[in-house]
Amino acid sequence: MNPITTSYPVNEIFETIQGEGFYTGTPAIFLRLQGCPVGCPWCDTQHTWEQRAEDQVPVAQVVGKPSASPLWAALDAEAILATFQAQGFNAKHVVITGGEPAMFDLRELGETLEAAGYQLQIETSGTFALQVTAQTWVTVSPKLDMPGGYLVRPDCLQRADEIKHPVAMEKHIEALDKLLKSCPPNPAAIICLQPISQRPRATELAIKTCIERNWRLSVQLHKYLHIE
Ligand SMILES: C[S@@+](CC[C@H](N)C(=O)[O-])C[C@H]1O[C@@H](n2cnc3c(N)ncnc32)[C@H](O)[C@@H]1O
Ligand SMILES: Nc1nc2[nH]cc(C(=O)O)c2c(=O)[nH]1
Ligand code: SF4
Ligand SMILES: [Mg+2]
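This structure is a prediction, so every number in the text was calculated from the model and none was measured.

Considering the site of ligand 2
Surrounding ligand 2, one finds Thr16, Ile17, Gln18, Gly19, Glu20, Phe30, Arg32, Thr97, Glu123, His222 and Glu228. Note that a nitrogen atom of ligand 2 is positioned 2.8 Å from one of the backbone N or O atoms of Ile17. One of the side-chain nitrogen or oxygen atoms of Arg32 is found 2.9 Å away from an oxygen atom of ligand 2. Within the residue set of the shell around ligand 2, elements represented by two or more residues are β1 (7-17) and β2 (27-33). Residue classes in the shell around ligand 2 are distributed as two nonpolar, five polar and four charged.

In structure tokens, the structure reads:
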């Protein structure tokens, strides 16, 4: 008898260059999962917030479809791997994002993809308990005081390989300082500041603060390059 397999709501699968954080510049397959209740007002992917039954489609419609659509397909780990292979993707780095991918148990997916030679990265807000393989690179982009009312979990910050904080104003740096003081992160975690929506003042603030603190700048390279 087959064990029960986990099904994931997939909004998109595409191959591009990782545009954010530590792995910026790395060819990567993006797996975007549908659904997020956190509600960041400036979120790039608001089309992924709701998972509606009427938006479910066959897999063909989430591979290479226009990116800002709420359509999703239910795929298990084997179907996701088969899609990567059928597309002939070259990248061996897989970024699982969303939406909020930490709402799902990603261990079966991770084990399947790692067995096929892929390395995984998760992009998460840190507001749900992580269910990822030990080898998964964890990028936590903490979401503080967002409309959904979710709290950043100390266990996520301790597991983070990278903390990538979106900033536009001084108060966002202060909020990060307060968070890192109250919930000490993994001491090896790399800290990046990511300007919100390429705003010039946000970018200047991020550059200045990164130089002062010896943190890294993450500029969403894909937006400057006009690629997905
Ligand atoms: C769309 S989120 C999806 C993954 C997860 N929900 C999260 O927030 O980390 C992926 C990354 O994009 C960042 N992001 C979203 N909208 C942004 C914006 N307008 N400007 C800069 N970064 C943004 C998030 O902070 C996160 O690091
Ligand atoms: N190129 C590219 N890099 C990214 N890094 C994180 C992304 C995301 O939406 O999570 C993203 C994205 O949407 N595109
Ligand atoms: S947690 Fe991530 S996907 Fe959810 S609203 Fe915020 S940025 Fe968007
Ligand atoms: Mg994006």
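Some remarks on helix α4 (residues 170-182)
The end-to-end C-alpha separation of α4 is 19 Å, in line with the 18 Å expected for 13 residues at 1.5 Å each. Among all positions in α4, only His172, Ile173, Leu176, Leu179 and Leu180 are buried. Relative to the axis of α4, the buried residues are bounded by an arc of 125° and lie together on one face. α4 presents Lys171, Lys178, Lys181 and Ser182 as exposed residues on the side facing more than 90 degrees away from its buried surface.

Describing the pattern of salt bridges
Within the structure shown, the criterion is met by 10 salt bridges. With a shortest N-O distance of 2.8 Å, Arg52 and Asp55 are connected by a salt bridge. Looking at Asp55, the relative accessible area reads 11%, which means it is buried. Measuring nitrogen to oxygen at the nearest pair gives 2.9 Å for the salt bridge that ties Asp155 to Arg153. By relative accessible area, which is 37% here, Asp155 ends up partly exposed. Each member of the salt-bridge network shares a partner with another, and the members are Glu20, Glu123 and Lys164.

About the criteria used
- Residues numbered from 1 in each chain as written.
- Chains lettered and ligands numbered in written order.
- Predicted model: local features only at pLDDT ≥ 70, side-chain atom pairs only at ≥ 80, totals over all residues.
- Heavy atoms only, no water.
- Near = heavy atom within 4 Å.
- Polar contact = N/O pair within 3.5 Å; in protein donor to acceptor, adjacent residues only side chain to side chain.
- Helix = DSSP H or I, 4+ residues; strand = E, 2+ residues; numbered from the N terminus.
- Nonpolar A, V, L, I, M, F, W, Y, C, P; charged D, E, K, R; others polar.
- Expected span 1.5 Å × (residues − 1).
- Buried < 20%, exposed > 50% of the residue type's maximum accessible area, 1.4 Å probe, protein only.
- Arc of directions from axis to C-beta.
- Salt bridge = Lys/Arg side-chain N within 4 Å of Asp/Glu carboxyl O.

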